[in-house]
Amino acid sequence: MFLIGAIIGFDLHLDAQSLDSLVNYGEKKSYEIGGITVIGAENRDRNAIKSIAGLKEGGKLQIPGPMIPAAIKALLKLRLFDDVQIYRERIEGDIVFLKMVLVERPTLSKWSFKGIKSSQQEDINETLKNILTKGGIVTDDQKELAKSKIKEFYIEKGKLDATVKVNEYPDEGKNASVRLEFDVNVKDRVKIEDIVFEGNTVFTDRKLRKKLGKTKRKGTLLKKSKFIEKDYREDLTALSKFYHNEGFKNMIVSNDTMYRNADGNVMLKLNIEEGKRHFFRNIKWKGNTLYTNDQLYTILGISKGDVYNPELLQNRLKFSLDGRDISSLYLDDGYLSFDITPVEVAIENDSVDIEMRIFEGPQFTVENVVIKGNDRTNEHIVRREIRTRPGQKFSRSDIIRSQREIISLGYFNPEKLGINTPVNQSRGTVNIEYQLEEKPSDQLELSAGYGGFSGLIGTLGVVFNNFSIANARDRSTWSPLPQGDGQKLSVRLQSNSRFFKSYNFSFTEPWLGGEKPGSLTVGAVQTAFDYSLSGAGKLKITRGFVGIGSQLKWPDDFFSSNTTLNIEQINLDNFRSGGFAITKGTFNNFSVKQTFTRSSISDPLFPRRGSKVSLALQITPPYSLFRKDNTFTPSAEQRAEIVRELIFLNGPGKPVTEADIEAKIDELKQASKFKWLEYHKWRVTSEWYYNIFGKAVLATSAKIGILGTYNNNIGTPPFERYELGGDGINNQNAGLQGKEILALRGYANTDITGNGEQTPSGGFVGAPIFNKFTVELRYPLSLNPNSTIYVTSWLQGGNAYKSFNEYNPFDLKRSAGFGARVFLPMFGLLGFDYGWGFDKNVTDGKYGRFNIVLGFEPE
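Quick caveat: nothing in here was measured; it's all calculated off a predicted structure.

Cut-offs applied
Residues numbered from 1 in each chain as written. Predicted model: local features only at pLDDT ≥ 70, side-chain atom pairs only at ≥ 80, totals over all residues. Heavy atoms only, no water. Pairing = 2+ DSSP bridges. Helix = DSSP H or I, 4+ residues; strand = E, 2+ residues; numbered from the N terminus. Axes fitted to C-alpha atoms, helices over the stretch in contact; angles between N-to-C directions. Phe/Tyr/Trp six-rings, centres within 6.5 Å; stacked < 30°, edge-to-face > 60°. Buried < 20%, exposed > 50% of the residue type's maximum accessible area, 1.4 Å probe, protein only. Lys NZ or Arg CZ within 6 Å of the ring centre and 35° of its normal. Contact = heavy atoms within 4.5 Å. Arc of directions from axis to C-beta. Polar contact = N/O pair within 3.5 Å; in protein donor to acceptor, adjacent residues only side chain to side chain. Core = buried A, V, L, I, M, F, W, Y, C linked by side-chain atoms within 4.5 Å.

Visitor: Summarise the sheet that holds strand S12 (residues 339-348); cite the residues concerned and give the values.
Guide: Strands sit in the order S11-S13-S12 across an open sheet of 3 strands; the sheet is mixed. On the outer flanks of this sheet lie strand S11 (279-286) and S12, each paired with one strand and no other. Neighbour to neighbour, the strand axes of the sheet diverge by 25° on average, direction disregarded. Here 6 bridges tie S11 to strand S13 (residues 351-359), and the two strands are oriented parallel to one another. In the sheet register, Lys 284 faces S13, and the bridge partner there is Glu 355.

Visitor: Just give me the short version of the packing of aromatic side chains, but keep the residues and values in it.
Guide: Inspection of every chain in the model, using the stated rule, returns 27 aromatic pairs. Taken together, a centroid distance of 5.7 Å and an interplanar angle of 80° make the contact between Tyr 243 and Phe 248 edge-to-face. Ring centres of Phe 500 and Phe 529 lie 5.0 Å apart, and the angle between their planes is 35°; this geometry places the pair in the tilted category. A residue pair is termed long-range when its members are at least 10 positions apart, and Phe 500 in strand S21 (residues 500-509) and Phe 529 in strand S22 (residues 518-531) qualify at 29 residues. For the pair Phe 500 and Phe 529, one class covers both residues: buried. One aromatic cluster is present, formed by Phe 818, Phe 832, Tyr 834, Trp 836 and Phe 850 through successive ring pairs. Directly above the aromatic system of Trp 111 lies the positively charged group of Lys 134, at a separation of 5.6 Å from the ring centroid. Residue placement shows Arg 745 over the ring face of Trp 794; its charged tip is 4.4 Å from the ring centre.

Visitor: Which residues make up the environment of Asn 378, and what values go with them?
Guide: Along the chain, Asn 378 falls in the loop between strand S14 (365-372) and helix H11 (379-383). If near-sequence neighbours (up to four positions away) are discounted, Asn 378 is found in contact with Asn 471, Gly 484 and Asp 485.

Visitor: Outline the pairing of strand S28 (residues 696-708), listing residues and values.
Guide: By the bridge criterion, 13 bridges tie strand S27 (residues 680-693) to S28 in an arrangement that is antiparallel. Across the sheet, the residue bridging to His 680 is Gly 708, located in S28. Between S27 and S28, which pair antiparallel in sequence order, lie 2 residues; one of them, Gly 694, sits at a positive phi of approximately 50°. Sheet analysis places S28 next to strand S31 (residues 769-782), joined by 10 bridges and oriented antiparallel. Paired with Thr 700 across the strands is Val 775, a residue of S31.

Visitor: I'd like a rundown of helix H9 (residues 310-317), residues and numbers included.
Guide: If you check which residues of H9 are buried, you get Leu 313, Arg 316 and Leu 317. For H9, the angular spread of buried residues about the axis comes to 100°, placing them on one side. In the core, the buried residues of H9 are packed alongside S11, helix H8 (293-300), helix H10 (326-331), S12 and S13. Where H9 begins, one side-chain oxygen reaches toward the backbone nitrogen of Glu 311, 3.1 Å away; that side chain belongs to Asn 309.

Visitor: Go over the nonpolar core, please, and point to the residues and values.
Guide: Of all hydrophobic cores here, the largest spans 28 residues; its most connected members are Leu 539, Ile 570, Leu 572 and Phe 587. Elements with a minimum of two residues in this core: S22, strand S23 (537-551), strand S24 (559-573) and strand S29 (721-724). Listed in part, the 22 residues of the second largest apolar core include Tyr 31, Ile 33, Ile 72 and Phe 81.

Below, the structure is given as structure tokens:
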């Protein structure tokens, strides 16, 4: 390459001799640049190239001199060109004309992968998009960086030996373009052969390995063995934290060694210096004026001689989930600037003295409460749920409770709920800002299925959880119906034109009167079955209900009360498909149901902590106390009607016997007793949720139901009973007929003898008492409100009992299994369970059972 400043090349179109006479190389001379011609790099800005080179028309150029080498260096530094040459084109007196010849590097047209799965390619592409640009220049540094990032991707999966080769090919379809191919040899995951500890005397190797949460050796149950440097370092920190919280405050990992054995697996060796275990000795308070030392000691709950535990100390000082911490004492009384710092003032042998240095600061009051992000929900709907009010003292517990109540509405994304507390120090006030993000809350059910003899059954159901009657005239709030006031409207239609029809309507106003948290619910249900063509008779149930709910202040404001008035009429016309001992008659069910509930659950879709305990009592008037005679005695005309009915039911060729007549009369006597149903029905439900590690949640529940009677001569009514087993969603033939269907995973209802006798039509009489207990481990795969997904594994036990004399809470049908749940706002809950029943009488060896979850979580 011939460069001005070192060698001035002669343009081949000019006469060499005349050029020699123009330039004397022995002395420097200053020229004016008359023009610059750029050859190559057609897609680049010519003026920008000249500017970067530091050369411009009209400027001065000394030949020989440093400007030309500097210009070449500046252009090469861009890494856009493979070659840069600057020639002297001609000289006219003191004016020089220059020519730049640029050889541009090829641009990247695309890149591809070899040797890896398409799903992994998508993940890697997200990283490479930040390194490589289609249409841009590819440098060696970029290729090396891309190669390094691909290797990191596999190293993070424990595949330490993955190799990457970058191949560059010309792209025949595009001029001056190349394509890159990343040839990846993933190789097998490198496992951890063993983790060896030295120096540990207090805790066993086994216990210490458990504290390495992500770094596991081969053979660990339900855990993959792989070495990931980042996880390993985090686990070492967790190991140190474990020791420190056990009192070994000076424990260190003095040395950790990682090497590969002959099989290529990783060996880890950790040298532990435990030191001595320390204990709390003297704890003193400094700076407290509002609370006495004794009051603070009581909240702290740490005594002289307790094992030194810095994590427990911080929890008791700053924030504890149970509210037992010093900070809550101050922050709930307006002292927003409060701070407490524990200082180790003395360490003698194994004893630690702590001085609690307190800054109480001034009290702050709430000036403004701001709500943002409620695009569809009216502001007063949110504001009435929150506990923070302008003019009140600042309270952290009020903010936490307000957050729970907002999430419980179900209208906002719990993962995006933000709370800001900007402070005005000069005025002693604080603003509280609730940042919300709306999420879909309405649900749609639309399905059709073919049931063989029953024909086509169609279902249409909609639930509007944020409905608004008041906004009916404001078309801007319709989506698709008016919304924004937190009212709930539910309509469900299900029909088969020949055999089955069901209509369900309910409306709930959560704040009756608009000022206090009292709800009003009204609804109606009508269900009709007509199997008369098959000789199975007819059933019709009509029910209306009104419920009043209120939030209680005692024992605390987590309690609520709900009172519901039910009016129901059941009509049986030779109905033989429901499992009832009675097949004909009209029955009236007038009851009042009172429910007391205490719920501290924040997110109903995936509760992570808290509990829900409820006691429900449903009672009817004791009619038998006011009726003298409940015995049905047929007249001669009624007896003749019974005979005609039996002749019709038996059909030709089968005579009616006296036994048939007496059986029918006995059935009518039973129906007469239950014309006005009388009973008392109790339900106790308890649910508890614990966030045990990471996102994993342990859910436990206990349920018991009892159906009692006032008069033993009348006995337990044939309705309102319990049927245990199956998936709990088959309400068409049982739940709509006055029974409660309760799922027992791993069992069919035929496996539970306590459900009572099975009728020829396949129904069950039902049980007056049941109990069920569940322990469940849940882990979320997605907490996105548009698709909440979690997997579950569980242990369950339950049973139904024919009478109180047979009741034994330890006589349970046990099962275990796994499942998954997906919540889609428009369709509700979907999922499945597969369970193994351990106490089934099986002949084919099939203990497993598969259940589908549609629309709601079965009880």
